[in-house]
Amino acid sequence: MSIRTIQAVLRAASRQASADLRASLAGTCAALLISVSAIVLIGRSTQAAAGAHVAFGPMFLASSIGTVSCFITLQISGEAYTDRIGGALLRVRILPHGPLAWTIGKTMSAITQTIAFQAAVLLGGAVFADLPLSASQVLTCLPLIMLSAVATAPLGFLMGALARGLYSIMFTYFVALAIIATGGFLFPLGWLPRWAQAVQLVLPPYWAGHLTRWALAGDPAWEVGGAFSPALATGILVAWAVVGFAAAPLVIRRSFR
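Thresholds applied
- Residues numbered from 1 in each chain as written.
- Predicted model: local features only at pLDDT ≥ 70, side-chain atom pairs only at ≥ 80, totals over all residues.
- Heavy atoms only, no water.
- Helix = DSSP H or I, 4+ residues; strand = E, 2+ residues; numbered from the N terminus.
- Buried < 20%, exposed > 50% of the residue type's maximum accessible area, 1.4 Å probe, protein only.
- Contact = heavy atoms within 4.5 Å.
- Areas by Shrake-Rupley, 256 points an atom, 1.4 Å probe, with all protein chains shown as cover.
- Salt bridge = Lys/Arg side-chain N within 4 Å of Asp/Glu carboxyl O.
- Polar contact = N/O pair within 3.5 Å; in protein donor to acceptor, adjacent residues only side chain to side chain.
- pLDDT = per-residue confidence, 0-100.
- Patch = residues over 30% accessible without salt bridge, like charges linked within 9 Å, V, L, I, M, F, W, Y side chains within 5 Å.
- Phe/Tyr/Trp six-rings, centres within 6.5 Å; stacked < 30°, edge-to-face > 60°.
- Axes fitted to C-alpha atoms, helices over the stretch in contact; angles between N-to-C directions.
- Parallel < 35°, antiparallel > 145°, perpendicular 65-115°, else oblique.
- Nonpolar A, V, L, I, M, F, W, Y, C, P; charged D, E, K, R; others polar.

*Asks:* Any details on the overall build of the protein chain? Residues and values, ideally.
*Replies:* A tally of helices and strands in the protein chain yields 11 helices and 0 strands. Along the chain direction, N to C, the helices and strands of the protein chain fall in the order α-α-α-α-α-α-α-α-α-α-α. Counting all 257 residues of the protein chain, 46% fall into the buried class. Contacts in the protein chain between residues far apart in sequence, at least 24 positions, make up 76% of those at least 6 positions apart. Here the protein chain has roughly 12,600 Å² of accessible surface; of this, 74% comes from carbon and sulfur atoms.

So, in structure tokens, the structure goes:
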């Protein structure tokens, strides 16, 4: 692929991403406000709890900032399913390098919205929930939320390729939500059976929350083994990003059949 072709693909992808962001702006802003308010209120209202739950508020907020990235899988798969049944994928397919431009554009718009959501939770926790943050913590957290969004984005294309009807997309949503909810987001991973812990330890949701808890909360009480492993977490998320985007072309070609 020549440089001019690459530039043309990137321009087309940028136009699609801009169109996606404009189309979802009103709905995204409303969902962002409601969701962030709910997360911050839950974190704030539970900060004064006693005993074993004394750290729930800060831990929940710190986990939310990382784990929210995993909802990008639902967004991409849902939009891919909508584009398929609406005929957009068929129209894109006949354009020069259309599937590639569509994939890049969809990834750009989804990651932009996800990072905006994560940044809003971070800001809301610092301002309204009294989450103690320093400038160094925020600067450390920013690349982590970018990494978590990039690592989980390819899973959205996999889910979208597998979903061929209403029931299949509902089933993939159910599985994804179950994985996210049990990935150390709402309670320590140690509360789960050993087999469930083993499943979570190879998936992005736990490690995305692990990194933001390490950067923002500093309390390893919710971690497997009672200690932070930021290098391991980063390596697993990088591996998901590399393998995921390497496998994405095969998955996306299936989507465009």
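*Asks:* Describe in detail the pattern of salt bridges, supporting the description with residues and values.
*Replies:* Tallied over the entire structure, the rule returns 3 salt bridges. The closest approach of N and O atoms between E79 and K106, which form a salt bridge, is 3.1 Å. Of the two residues, E79 sits in helix α4 (residues 72–85) while K106 sits in helix α6 (residues 98–128), which places them 27 residues apart along the sequence. The salt bridge partner of K106 is D83, with a shortest N-O separation of 3.4 Å.

*Asks:* Describe the side chain of Q118, and please don't skip the residues or the numbers.
*Replies:* Its place among the elements puts Q118 in helix α6. Reaching out from Q118, the side chain makes a polar contact with the side chain of S148 at a distance of 3.3 Å.

*Asks:* Hey, could you go over the confidence of the model for the protein chain for me, with residue numbers and the actual values?
*Replies:* For the protein chain, the average pLDDT comes to 79, and 82% of its residues sit at 70 or higher. Of the regions scoring below 50 in pLDDT, residues 48–54 engages in 4 contacts with residues more than four places distant in sequence or in other chains.

*Asks:* An account of the environment of M108 is needed here, citing residue identities and associated values.
*Replies:* Residue placement: M108 occurs in helix α6. Taking the C-alpha atoms as reference points, M108 and D20, separated by 88 residues in sequence, lie 9.6 Å from one another. Apart from the residues within four sequence positions on either side, M108 is in contact with A13, S14 and A17.

*Asks:* Break down a nonpolar patch on the surface for me, citing the residues and quoting the values.
*Replies:* Taken together, L166, Y167 and M170 make up a surface patch of nonpolar side chains, about 400 Å² in accessible area. As for its placement among the helices and strands, L166 is situated in helix α8 (residues 166–181). Among the residues examined, L166 registers a relative accessible area of 52% and is labelled exposed.

*Asks:* Give me the packing of aromatic side chains: which residues, what numbers.
*Replies:* Summed over all chains, the structure comprises 4 aromatic pairs. Both rings, one in W102 and one in F157, keep their centres 6.0 Å apart while their planes meet at 70 degrees; by these two values the pair is edge-to-face. Here the residue W102 occupies a position in helix α6, and F157 occupies one in helix α7 (residues 135–162), the gap between them amounting to 55 residues. Residue W102 is classed as buried on the basis of its relative accessible area of 3%. Of the residues examined, F157 reaches a relative accessible area of 3% and is grouped as buried. When the centroid spacing of 5.7 Å and the interplanar angle of 5 degrees are considered together, the rings of F187 and W191 count as stacked.

*Asks:* Quick rundown of the packing of α4 against α8? Include the residues and the values.
*Replies:* Two elements in contact, α4 and α8, have axes whose closest approach is 11 Å; the angle formed by their N-to-C orientations is 175 degrees. For the element pair α4 / α8, the angle class is roughly antiparallel. Where α4 approaches α8, its residues L74, S77, G78 and Y81 are matched on the opposing element by L166, I169, Y173, A176 and L177. Residues belonging to the contact of α4 with α8 are distributed by class as follows: 7 nonpolar, 2 polar and no charged.

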